[in-house]
Each structure stands twice: as structure tokens, then as C-alpha cells.
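Listed here are the chains, written in short residue letters.
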Amino acid sequence: MTSLTVIVPVFNEEKTVQESLSRLDSVDIVSKIVIVDDCSSDNSNILIQEFIQDKNKYLLLKTNNNSGKGKAIEKAQEYIDTDYVAIHDADLEYYPEDFYSMYEKIDKNNLVLGSRFIGNIKRNNFYSRTLFANYFLSKLFSMIYKNRVTDVASCYKMIPTEYFKKIKIESSGFEFEIEVLAKYLNISNKISEVPIKYSGRSYAEGKKIKSIDGFKYIYWMFKCKK
């Protein structure tokens, strides 16, 4: 039987982290959950410890410095010992039950991307400018890598662990989303996309991605191209 680990990077998500973990906890195909606290300055770490108490499938790690999503995920790499690995953010924008449909597509030579832009699913994409930016970035990425990808900024990726543990993660922040896809396409063109649900939050609610991240995405598209 194949096995799946989910990595949960966390930075200052005290308002959502327990509900986010509760959603993930109910997905029975997940055999291990590695939470990486990226030096939160709020009560996130306390709330995580409270939630995972006496739950054996959880592992809580902490970075030495607040460095961003990419470095938080890099921290978890050596602790993955399952067949596959996926990423889940600690906010409430994504729905872990979508891992079921992604899991059906995964194999040892395939990366599965959860796309918020395909399928007939009603979604709340809150800001039209981020919707347009992602559409543009996905088109640009697809042209550079000659492989159609509809949602390069999606958090939901399911990856064979053999590949994931080999990748040298160089990015620090949200540009990790580009780096992992780009480096995968440098060795394989087998990417599957699965429609997923999405409920975007506002900046007042804690949304962290900024306009500058879009330019970082473009930089990493070209940086990673072989």
C-alpha cells in the first residue's frame, strides 16, 4: 500500500491553524503530517502543540529563523519516509479532501497539481488582480517549459518522495511553487492536473502573498530553466 506525508508550513496563523489541521486530520489516506513552524511570533506554536497532543502521526518542527515557505518546506525534507508527499497551507483557503482525487492520479513518475482554474467548481478567488496575475504567470510558465500548467501558484502539489528528496530547494518564500514545478519539468514532462476547491481570504484576514512575489515567480522561471 502506498503512503502519503503532508507538510504544513506555518507562520503566524493562530486564527486558522487548528481548523486547518482538523480538516487535514480527517483525510484517512494521510499517514504522516509534518508541521513546520517558521518562527511564528503569535500563539500558533502553542495551538499546534495543543492540537497534536497524543496524536502519533504528527511531527512538529521549527525553523531557526523566519525565512519563508520554501525554507520551511526544506526543513521537512529529511523527515519524509513515505512514497509521496503533498503540501497543505495552514490557512483555510484549501480543502484537504481534494487530496483524494489527487492521490488517484499519483504514481512514481508523476507530479499531481491541484488547479483552481479547471473543472466546474465554484470558487471564491477574492481578488481579481491575483486571479489575472496567476493566469498570466501560468501562461508564461507554460510557454517557457513547453508544458501546459494552469495554476503555477497553487499550494496543492503531490510529489513522488524520491524526486522531492533529491530536489535542492534554493528559494525562500512563495517562489518555491515555481521552483518545484520548474525543476520537475527539467527531468520529466509528466504532470497531471486535478480541479480543486478554493476559498481565498483577504489581506485583512491574513493573506501574505504580495505583488513583489509575482516578479520573483518570473525570475525563478528563468533561473531554473535548463
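Above: the structure in question.
The sections below set out a description of the structure shown in this document. (Residues numbered from 1 in each chain as written. Predicted model: local features only at pLDDT ≥ 70, side-chain atom pairs only at ≥ 80, totals over all residues. Heavy atoms only, no water.)

## Here we look at the pattern of salt bridges
- For the structure shown, the criterion picks out 16 salt bridges.
- The partner of E177 in a salt bridge is K69, with the nearest N and O atoms 2.5 Å apart. Residue E177 is located in helix 7 (residues 176–185), and its partner K69 is located in helix 3 (residues 69–76); the two are separated by 108 residues in the primary sequence. Take E177 and K69: they sit in the same class, and that class is buried.
- In this structure, K108 and D83 form a salt bridge, with 3.2 Å as the shortest nitrogen-oxygen distance. One end of the pair, K108, is in the loop between helix 4 (99–105) and strand 5 (111–115); the other, D83, is in the loop between helix 3 and strand 4 (84–87), and 25 residues separate them in sequence.
- Here the salt bridges do not stand alone but share partners, grouping K69, D89, K157 and E177 into one network. (Salt bridge = Lys/Arg side-chain N within 4 Å of Asp/Glu carboxyl O. Helix = DSSP H or I, 4+ residues; strand = E, 2+ residues; numbered from the N terminus. Buried < 20%, exposed > 50% of the residue type's maximum accessible area, 1.4 Å probe, protein only.)

## Quick word on the packing of aromatic side chains
- The full count for this structure, using the stated rule, is seven aromatic pairs.
- When the centroid spacing of 5.4 Å and the interplanar angle of 65° are considered together, the rings of Y94 and Y198 count as edge-to-face. Taken as a pair, Y94 in the loop between strand 4 and helix 4 and Y198 in the loop between strand 7 (191–195) and helix 8 (211–224) lie far apart in primary sequence, 104 residues in all.
- Under the relative-accessibility criterion, Y94 is labelled buried at 4%.
- Taking the centre distance of 5.0 Å and the plane angle of 85° together, the rings of Y163 and Y184 count as edge-to-face. On the criterion of sequence distance, the pair formed by Y163 in helix 6 (residues 161–164) and Y184 in helix 7 is long-range, its members being 21 residues apart. Accessibility classification places Y163 together with Y184 in one group, the buried group.
- Chaining the aromatic ring pairs together yields one cluster made of Y94, F99, Y156 and Y198.
- Sitting over the face of the ring of Y198, R116 holds its NZ or CZ atom 4.7 Å from the ring centroid.
- Across from the ring centre of W220, 5.2 Å away, lies the NZ or CZ of K223, which sits over that ring. (Phe/Tyr/Trp six-rings, centres within 6.5 Å; stacked < 30°, edge-to-face > 60°. Lys NZ or Arg CZ within 6 Å of the ring centre and 35° of its normal.)

Shape descriptors only; they carry no functional weight alone.
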